[in-house]
Amino acid sequence: MSEFDQLYREVILDHYRNPRGHGVLEHPDAVAEGQNPLCGDEISITLAFDGDTISDVRFEGRGCAISQAATSMLTELVVGRDAAEVARLPKEELLEEIGIPLTPVRLKCALLGLGVLKVALNKGKGTPLPEEWSSSDDLSFR
Amino acid sequence: MAVTAIAKLDAERLRADFPYLEELQNGVPVAFLDSAASSQKPRQVLDAMTDFYSHSYANVHRGVYRLAERATDAYEGARVKVAEFVNAPSEREVIFTRQATEALNLVAYAWGLDNLGPGDLVVVSELEHHSNFVPWQYIAGRTGAEFRTIPIDEAGELQLEVLAGIAAEGQVKVVATGLVSNTLGTVNPVEKLTAWAHEQGAIMVVDAAQAAPHRPIDVQALGCDFLAISAHKMCGPSGVGALWGRRELLEQMSPFNLGGHMIRTVTAVETTWGQLPYKFEAGTGPIAEAVGFGAAIDYLSSIGLDAIERHEHELTEYALTRLAELDWIETYGPPVARRAGIVSFNVDGIHPHDVCQILDWEGVAIRGGHHCTQPLMHRLGVIATNRASFYLYTVPEEIDRLVAGLEKVKKSLG
């Protein structure tokens, strides 16, 4: 398999070109956004809850194929799941879904959306912010 | 009519001086088009540093043994080379720093904290690298001075017509701009800005990090008050740069870093400062790095800065022509006549990170990102650009490889 096909495998390109969960919820229960100042990737996420369950999630953003595709995959991964459980979602679960070898620089692209989602959960449900996001020097969230 | 002939530079021959350019990746050398971030190093510099570390290395200035004397001579000899390189009136006006960023911080802190206050204006350009933007914004905030930017036009050139309006808003005390923009390659009209700054009674601070590797620098002709350069962008090692400052200003300024070597006398009651340039050089300096810096200056001077500038001008013209053939590429920046060897561009609909990743697989190294110029990215309405930059060892075939790589990017992700 060529280097291109390894990184930009078909499912990544599909999510990049046709992102799932793209858009903004009109009446969100929680909102967060984040940036990766290294490359200028931006992601904003709106969330809706049904009780403690994530009933809907939408994202908008500008950035590289990896950051946008990863966030698109993330939305499919978390809808219908318990907010507290997703707040503890190990990054490995998303990385497994992405399923491609990532260099340290691209890893930050891939995990930006997950960070923003966890910040939104923190705002909406008071779930704890994992250490890796609150102390990250490279990514910024609000 | 006097005609000064500028010797033509033989990039193919010069490439043999650079060990990295001989290395192969998938059977071909990498087309290294990221010299604006940092340049590759020639054997002449590497050998000078190895030789110095092997035979002449000791701490400088106070040792009485012969080795320390040799080390001191080499270190101070490098200072003389830097002074000559920027045409400084005296080498005592040359302060070794870690890089241009530290040199600019030195001025912002040591001059700014004592000379700025409410009602004063600090003026920088919208094009500025963060290194000549953030320190001034910060020191203005610390002192109560106001911070203003000179906007650029659509071509990425400074709009000097706003200067009169800025001057009406307060007392302009500092004007700080780069000589060459690291993102767009714009060559700024520093002489004009200097004249305006001095009319206002302001100091003129020039970031020449992106200019010094590529064109002759003459602080007396520019007329500025401070000028900062970094060795690592000009074939020298990382970890050393220099600040040139006008002697009367440096004499008046308080020190920046404090510690060993920068003092005259120290008692529990009072400490007095050493003479220039040592007042600004606390602690053991970048000794071998300075020696490498001197060797880099010798190397560039032997080629000729005029020849380097001309070579890069031809490459830039070629690159802009080739990129203009691709209607899905948007380039940024001024016409080639007022541009150094830097081309920033975007590929329609494809983020620079993806562009650079695919180009890497094609053996083409360029940079994608905001290039430490976020205010400029904001002005251009983009989050990032791709940037190809050229140097004395760049050859046109590398630009062809860039274009071929971009075709592949477009085919794969477009």
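Residues numbered from 1 in each chain as written. Chains lettered and ligands numbered in written order. Predicted model: local features only at pLDDT ≥ 70, side-chain atom pairs only at ≥ 80, totals over all residues. Heavy atoms only, no water.

## A closer look at the nonpolar core
Soluble globular proteins tend to bury their nonpolar side chains together. Core analysis: the biggest nonpolar cluster contains 80 residues, and Val86, Leu227, Ile229, Phe293, Leu300 and Leu392 of chain B have the highest contact counts within it. Looking at this core element by element, the count peaks at eleven residues for helix α11 (residues 287–303) of chain B. Composition of this core by domain shows at least three residues from each of domain 1 (11–32 + 304–413) and domain 2 (48–301) of chain B. If we skip the residues at most four places from it in the chain, Val86 of chain B touches Ile217, Asp218, Val219, Leu227, Ile229 and Trp244 of chain B. Counting 71 residues, the second largest nonpolar core, distinct from the first, contains Ala32, Cys64 and Ala69 of chain A together with Phe390 of chain B. (Core = buried A, V, L, I, M, F, W, Y, C linked by side-chain atoms within 4.5 Å. Buried < 20%, exposed > 50% of the residue type's maximum accessible area, 1.4 Å probe, protein only. Helix = DSSP H or I, 4+ residues; strand = E, 2+ residues; numbered from the N terminus. Domains from an automatic or database assignment. Contact = heavy atoms within 4.5 Å.)

## Points about the interface of chain B and chain A
With 17 residues of chain B at the interface, the matching set in chain A holds 21 residues. With both chains or domains summed, chain B and chain A bury close to 1500 Å², and 54% of this area falls on carbon and sulfur atoms. Contact with chain A buries surface across chain B, with His353, Trp361 and Ile383 of chain B losing the most and accounting together for 39% of the total. For the pair chain B and chain A, the interface holds one salt bridge. As a salt-bridge pair, Arg106 of chain A and Asp354 of chain B come within 3.0 Å of each other at their nearest N and O atoms. Here chain B and chain A share seven residue pairs in polar contact (both at pLDDT 80 or more) between them. (Buried area = accessible area lost by both parts, 1.4 Å probe. Salt bridge = Lys/Arg side-chain N within 4 Å of Asp/Glu carboxyl O. Polar contact = N/O pair within 3.5 Å; in protein donor to acceptor, adjacent residues only side chain to side chain.)

## With respect to the domain arrangement of chain B
All names here are of chain B. What the domain assignment reports for chain B is domain 1 (11–32 + 304–413) and domain 2 (48–301). Contacts between domain 1 and domain 2 engage 33 residues on the former and 32 residues on the latter. Of the roughly 2600 Å² buried at the junction of domain 1 and domain 2 (both faces included), carbon and sulfur atoms supply 58%. Sorting the residues of domain 1 by area buried against domain 2 places Leu305, Arg379 and Tyr391 first, and these three jointly supply 24% of that buried surface. The salt bridge partner of Arg338 is Glu157, with a shortest N-O separation of 2.5 Å. Our count for the contact surface shared by domain 1 and domain 2 stands at 20 residue pairs in polar contact (both at pLDDT 80 or more). Among the secondary structure elements, those contributing two or more residues to the side of domain 1 that touches domain 2 are α12 (305–324), β12 (342–347), α14 (374–380) and β15 (385–389). With six residues, the single largest contributor to the side of domain 1 that touches domain 2 is α14. Residue composition of the side of domain 1 that touches domain 2, grouped by class: 17 nonpolar, eight polar and eight charged. (Nonpolar A, V, L, I, M, F, W, Y, C, P; charged D, E, K, R; others polar.)

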